[in-house]
Every structure is written in structure tokens, then in C-alpha cells.
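Residue-level structural notes
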Amino acid sequence: MLYIKTTEEIIFGLLSILGVFAVYYSLIISRALIKHKKDRAPLLSYLLNPERIRTPYFVFAGLFAFLTGLMAFLDFIDGGFNPTTALQYSTFFFGFIFAIVTAVFIILDMHFWYTRFKRFI
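Note that the structure is predicted; figures quoted are calculated from it, not measured.

1. A short note on the overall build of the chain
- From N to C terminus, the chain includes 4 helices and 0 strands.
- Traced from its N-terminal end to its C-terminal end, the chain shows the element sequence α-α-α-α.
- Burial analysis of the chain (121 residues in total) assigns 33% to the buried set.
- Considering only contacts within the chain whose residues lie at least 6 apart along the sequence, 78% involve residues at least 24 apart.

This is the structure in C-alpha cells:
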């Protein structure tokens, strides 16, 4: 049982660190949007370069968020919130893994927009 508690602490610690980056990036993006809301310069500079447009990270984040929700639902069905079998442990930990991957893709998407907005501040 000590192993599960330690693993949960590590996972929640990683999510907290990723949350700090997300707050920083979102503050910079929000500041640029508020400062240039009339001319919409950051959005126009991105949209006027179609050769630089690629699959956005939020598509991947949405996929992994769906998988996180699916694992949480499976945990609810099979009682995996208090795991005792291998199936319950696997759905429990896959939910955490998908949550971390979702957080990483959200941070990557925010960093993508951060690099475009920081020059307008």
C-alpha cells in the first residue's frame, strides 16, 4: 500500500508542476490578448502563415482526456478506486498515465501559443 501512495504523490507532483507552467503561459497569453484585443495581432500573425499551421496539440489533448475519462468510468464500474485485482490496478494507473499525457499536451499547446503571443507584450 505504501507503493501506491508514493506513486500517487509523484503523479500529483508532476501534475502540479505542469500546472505551474500552464498558469504562467495562460497569464502571458491573456495579457497579450487583452493588450491587443482591437487589432488581434497575435491571432492574425498565426492565421496569415498557413504553411506553419499543423495539427494542434489540443486535438491530442482531447483524445487523451477522453481516454482519461474512459479509465475513470471503468474504475467506477469495476471498483478500481480501491484496487485489489490486476484489472483494477491497470485501469487505475492507466487513468493516471493518460491524465499526465493530457496535461503534457495541454502544456505543449499553451507553449505553442505562448511563443506567438510573448512578442506582443
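Once the structure has been displayed, the description carries forward.
2. Quick look at the side chain of Gln88
- By the element assignment, Gln88 lies in helix H4 (residues 86-117).
- A polar contact of 3.2 Å, which involves the side chain of Gln88, links it to the backbone nitrogen of Thr85.

3. Describing the packing of aromatic side chains
- Per the stated rule, a full pass over the model turns up 12 aromatic pairs.
- One aromatic cluster is present, built from ring pairs that chain together Phe60, Phe64, Phe94, Phe98 and Phe105.

4. Remarks on the nonpolar core
- The biggest cluster of nonpolar side chains holds 8 residues, and these are Leu18, Ala22, Tyr25, Ile28, Ala103, Ile107, Met110 and Tyr114.
- Contact partners of Leu18, with chain neighbours within four places excluded, come to Ile100, Ala103, Val104 and Ile107.

5. A closer look at the packing of helix H3 (residues 57-78) against H4
- Across the interface, H3 lies against H4 with an axial gap of 8 Å and an inter-helix angle of 160°. For the element pair H3 / H4, the angle class is roughly antiparallel. Viewed along their axes, H3 and H4 form a crossing whose handedness is left-handed.
- Class assignment of the residues belonging to the contact of H3 with H4 gives a composition of 19 nonpolar, 5 polar and 3 charged.

6. Examining the environment of Phe94
- Residue position: Phe94 is located in helix H4.
- Judged by relative accessible area, Phe94 falls into the partly exposed class, the value being 43%.
- Along the chain, Phe94 and Thr68 lie 26 residues apart, while their C-alpha atoms are 7.7 Å from each other.

Calculation criteria
Residues numbered from 1 in each chain as written. Predicted model: local features only at pLDDT ≥ 70, side-chain atom pairs only at ≥ 80, totals over all residues. Heavy atoms only, no water. Helix = DSSP H or I, 4+ residues; strand = E, 2+ residues; numbered from the N terminus. Buried < 20%, exposed > 50% of the residue type's maximum accessible area, 1.4 Å probe, protein only. Contact = heavy atoms within 4.5 Å. Polar contact = N/O pair within 3.5 Å; in protein donor to acceptor, adjacent residues only side chain to side chain. Phe/Tyr/Trp six-rings, centres within 6.5 Å; stacked < 30°, edge-to-face > 60°. Core = buried A, V, L, I, M, F, W, Y, C linked by side-chain atoms within 4.5 Å. Axes fitted to C-alpha atoms, helices over the stretch in contact; angles between N-to-C directions. Parallel < 35°, antiparallel > 145°, perpendicular 65-115°, else oblique. Left-handed = near helix turned anticlockwise from the far one by under 90°. Nonpolar A, V, L, I, M, F, W, Y, C, P; charged D, E, K, R; others polar.

Remember that the coordinates give geometry; whether it matters functionally is a separate question.
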